[in-house]
Amino acid sequence: MWPNASSLGPCFRPMNITREERRLIASPWFAASFCLVGLASNLLALSVLMGARQGSSQSRSSFLTFLCGLVLTDFMGLLVTGAIVVTQHFVLFEWQTVDPGCSLCHFMGVIMVFFGLCPLLLGAAMASERFLGITRPFSRPATASQRRAWTTVGLVWASALALGLLPLLGMGHYTVQYPGSWCFLTLGTDPGDVAFGLLFALLGSISVGMSFLLNTISVATLCHVYHGQATAQQRPRDCEVEMMVQLMGIMVVASICWMPLLVFIAQTVLQSPPAMSPMGQLSRPTERQLLIYLRVATWNQILDPWVYILFRRAVIQRFYPRLSTRSRSLSLQPQFTRRSTIH
């Protein structure tokens, strides 16, 4: 693919970096600690989720199913990618020696795209589910909510995996990235690389934008219900407020962590003159920016479980005791508690 890389696999670009530079860029102990904290956080969130699902309502059960899918995705993403990156930081192996055929690089590229897109797509799916649950409470059969939620999670996983496999089918390439410890899509001028980079960035950005739009409408509807005048038909709605607070937190975390990387990818592949030289080299500032934005995006997998852990009613009530003693609020679904007895 590049003139000076004909003897190597298609995933290798020219990268002038010494072993000592690689050792200074990333501490193996920091990488290992980062992964362990993330894995422990997701395991804690899973244990809390398992307890919360018992005896929950249909709408809440569906929401918790999506959360389980999100936490499982974050856990597996940290486990698989962390195993490769931490090993590389400790051993400092030369990728050309260990993986001359690029099989490991292709595998890591696929899982980086898969575990990167899944949280964004799941966030959009959760926003859609809550939007329908709040604004169209009778549009779906409640008995099938949990099965439908797991089906949606499965479709999200399948869609993200299908997108991740596109470079292996000829649309774009996965290459070893600076400082030689990970693989990702190529920010080059090849039409396939440009198309795949834009597809990844646009799909992620659309997911974040869709989440923002639907969550805004859901919050506005919920506020309207809480401040409505018809108070004859009421039941506690604390669970809906709790779910929306958690969903807004997940959306904010995803936006802060992922949007810088998504915007950077789109800007770089569309840059004129091209950021990548005909020899396959990126400038050192560009490579460092990509590494920094990737590290910021990785924080999403650690912060997601803490959004659920910290924004539960049991925790919120410690800081806002009025939540537990507040009077009943207006229901989103009419309850016919009073019937006329006059004929």
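Basis of the calculations
- Residues numbered from 1 in each chain as written.
- Predicted model: local features only at pLDDT ≥ 70, side-chain atom pairs only at ≥ 80, totals over all residues.
- Heavy atoms only, no water.
- Helix = DSSP H or I, 4+ residues; strand = E, 2+ residues; numbered from the N terminus.
- Buried < 20%, exposed > 50% of the residue type's maximum accessible area, 1.4 Å probe, protein only.
- Contact = heavy atoms within 4.5 Å.
- Areas by Shrake-Rupley, 256 points an atom, 1.4 Å probe, with all protein chains shown as cover.
- UniProt positions renumbered as here; feature names shortened; annotations may be inferred.
- Salt bridge = Lys/Arg side-chain N within 4 Å of Asp/Glu carboxyl O.
- 1 Å grid on protein atoms, 1.4 Å probe; cavity = no way out; pocket = protein on both sides within 12 Å on 5 of 7 lines; lining within 4 Å.
- Points joined across faces, edges and corners; volume = space filled by probe spheres on them.
- Nonpolar A, V, L, I, M, F, W, Y, C, P; charged D, E, K, R; others polar.
- Disulfide = S-S within 2.5 Å.
- Pairing = 2+ DSSP bridges.
- Phe/Tyr/Trp six-rings, centres within 6.5 Å; stacked < 30°, edge-to-face > 60°.
- pLDDT = per-residue confidence, 0-100.
- Patch = residues over 30% accessible without salt bridge, like charges linked within 9 Å, V, L, I, M, F, W, Y side chains within 5 Å.

A. Examining the overall build of the chain more closely. Of regular secondary structure, the chain possesses eleven helices and two strands. Starting at the N terminus and ending at the C terminus, the chain contains elements arranged as α-α-α-α-α-α-β-β-α-α-α-α-α. Taking all 343 residues of the chain together, the buried fraction comes to 48%. Long-range contacts, defined as pairs at least 24 residues apart, comprise 83% of the intrachain contacts of the chain with a sequence gap of at least 6. A total of about 16,700 Å² of accessible surface is found on the chain, and carbon and sulfur atoms cover 66% of it.

B. Quick look at the UniProt feature "transmembrane region" (unreviewed entry) in the chain. Look at the UniProt record and you will see "transmembrane region" (unreviewed entry) annotated at residues 29-51, 63-86, 106-128, 149-174, 194-226, 247-270 and 290-311. Between the C-alpha atoms that bound residues 29-51 the distance is 33 Å, and the span itself is 100% helix and 0% strand. As annotated, residues 63-86 has a helix share of 100% and a strand share of 0%, and its two end C-alpha atoms lie 33 Å apart.

C. Seen up close, the environment of Leu261. Within the secondary structure layout, Leu261 lies in helix α8 (residues 238-269). Relative accessible area serves as the criterion here: at 0%, Leu261 is assigned to the buried category. Sequence separation of Leu261 and Arg295 is 34 residues, and the distance between their C-alpha atoms is 9.4 Å. If we ignore the near neighbours within four places in the chain, the residues touching Leu261 are Leu290, Tyr293, Leu294 and Ala297.

D. View of the pattern of salt bridges. Inspection of the entire model under this criterion finds three salt bridges. The salt bridge involving Arg13 is made with Glu287; its shortest N-O contact spans 4.0 Å. Of this pair, Arg13 sits in the segment before α1 (19-25) while Glu287 sits in helix α9 (residues 284-310), placing them 274 residues apart in sequence. Overall, the relative accessible area of 7% leaves Arg13 in the buried class. With a relative accessible area of 5%, Glu287 lands in the buried category.

E. Local environment of the layout of surface pockets. Of the pockets and cavities examined, the largest pocket occupies roughly 620 Å³. Lining the largest pocket are 32 residues, with Phe34, Val85, Leu294, Arg295 and Thr298 positioned closest to its centre. Where the lining of the largest pocket is concerned, the elements lending two or more residues are α2 (28-53), α3 (58-91), α5 (103-135), β2 (182-185) and α9. Among the elements that take part in the lining of the largest pocket, α9 stands out by supplying ten residues, more than any other. Looking at the lining of the largest pocket residue by residue, the class counts come to 21 nonpolar, ten polar and one charged.

F. Seen up close, unusual backbone geometry. Looking along the chain, the bond that leaves Tyr178 and enters Pro179 is cis, with omega of 5 degrees. Looking at where Pro179 falls in the secondary structure, it is placed in the loop between β1 (174-177) and β2. Cis geometry is adopted by the peptide bond preceding Pro273, which originates at Ser272 and carries an omega value of 0 degrees. Residue placement: Pro273 occurs in the loop between α8 and α9.

G. Local environment of the state of the cysteines. Enumeration over the complete set of coordinates arrives at two disulfides. Described in terms of the sequence order of its bonded cysteines, the disulfide pattern of the chain is 1-2, 3-4.

H. Representation of the pairing of β2. The sheet contact formed by β1 and β2 spans four bridges and is antiparallel. Residue pairing for β2: Thr175 is matched across the bridge by Phe184. Two successive antiparallel strands, β1 and β2, enclose a turn made up of four residues, where Gly180 displays a positive phi of approximately 95 degrees.

I. Layout of the packing of aromatic side chains. Following the criterion strictly, the structure yields nine aromatic pairs and no others. A ring pair is formed by Trp182 and Phe184, whose centres lie 5.8 Å apart and whose planes are at 35 degrees; its orientation type is tilted. Aromatic rings pair up to connect Trp182, Phe184, Phe200 and Trp258 into one cluster.

J. Structural view of the confidence of the model for the chain. With 80% of its residues at a pLDDT of 70 or more, the chain shows a mean pLDDT of 81. This stretch, residues 229-236, has a pLDDT under 50; its non-local contacts, to residues over four places away or in other chains, come to 18 contacts. Every residue in residues 325-343 is under pLDDT 50, and counting partners more than four places away or in other chains gives 35 contacts.

K. Representation of a nonpolar patch on the surface within the structure. Residues Leu44, Val245, Trp306, Leu310 and Phe311 make up a contiguous nonpolar surface patch of roughly 390 Å² in combined accessible area. Summarising the element assignment, Leu44 is placed in helix α2. On the basis of relative accessibility, which here comes to 38%, the residue Leu44 falls in the partly exposed class.

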